Amino acid sequence: MNTGKIRVAVATDDGITSNVYFGRASRFVLAEIDGDKISRKGEILTENKPHSTEQSGCNGHDREYIEGLVKKLSECSYLIVRHIGNFPFRILKSNGINVLEQTGDIDELLSRMSAYVSRA
């Protein structure tokens, strides 16, 4: 049973649902899970930079932009996102951030995450 605080980020474009691909999120809702207590801790706004039309070696992702997002999320243990490509997934994973592809209401997803981590 996990008794420590866990920080979670959720990719969103409306602040209500996990409904967007990682690189296209306009913001990330930040939350902290402490046992069965869930509290929102704010948001990280992004530049919402579109995929490049030029080949960047990252399937259209701007490497600097993705690495900047990962740095902003560095205090999080988990990221919930509708979908994520291999390149950003690998960068997040190498920085200790676990990625879960889920869609739906953010509060419901955080509640399920709380139940999940309490069993871990």
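Details of the structure are given in the entry above.
Described in the following lines is the structure provided in the data block. (Residues numbered from 1 in each chain as written. Predicted model: local features only at pLDDT ≥ 70, side-chain atom pairs only at ≥ 80, totals over all residues. Heavy atoms only, no water.)

### Things to note about the overall build of the chain
Our working definition: Numbered from the N terminus, helices here are DSSP runs of H or I no shorter than four residues, and strands are runs of E no shorter than two. Only heavy atoms matter for contacts: two residues are in contact if any of them lie within 4.5 Å across the pair. Under the convention used here, a 1.4 Å probe and the Shrake-Rupley method define accessible areas, while residue burial counts only the protein chains that appear.
Scanning the chain for helices and strands turns up three helices and seven strands. Helices and strands appear in the chain in the N-to-C order β-β-β-β-α-β-α-β-β-α. Partitioning the intrachain contacts of the chain with sequence separation of at least 6 by distance along the chain shows that 52% fall at a separation of at least 24. Carbon together with sulfur atoms contributes 44% to the accessible area of the chain, which is approximately 6,800 Å² in total.

### Some words on helix H3 (residues 106-119)
Put simply, the rule reads: Take the number of residues in a helix, subtract one, and multiply by 1.5 Å to get its expected span. For every residue, the accessible area (1.4 Å probe, protein chains only) is compared with the maximum for its type, and the residue is labelled buried under 20%, exposed over 50%, or partly exposed between those bounds. Throughout, the arc means the angular range of directions from the helix axis out to the C-beta atoms. We define a polar contact as two N or O atoms separated by no more than 3.5 Å, with the added condition that, inside protein, one atom must be a possible hydrogen donor and the other a possible acceptor, whereas residues neighbouring each other in sequence contribute only through side-chain atom pairs.
Here H3 contains 14 residues, and its C-alpha end-to-end distance of 20 Å stays within 8% of the 20 Å for a straight helix at 1.5 Å per residue. All of the buried residues along H3 are Ile 106, Leu 109, Leu 110, Met 113, Ser 114 and Val 117. Down the axis of H3, the buried set is contained in an arc of 145°. They therefore lie on one face. Looking at where H3 begins, the residue whose side-chain oxygen comes 3.1 Å from the main-chain nitrogen of Asp 107 is Asp 105.

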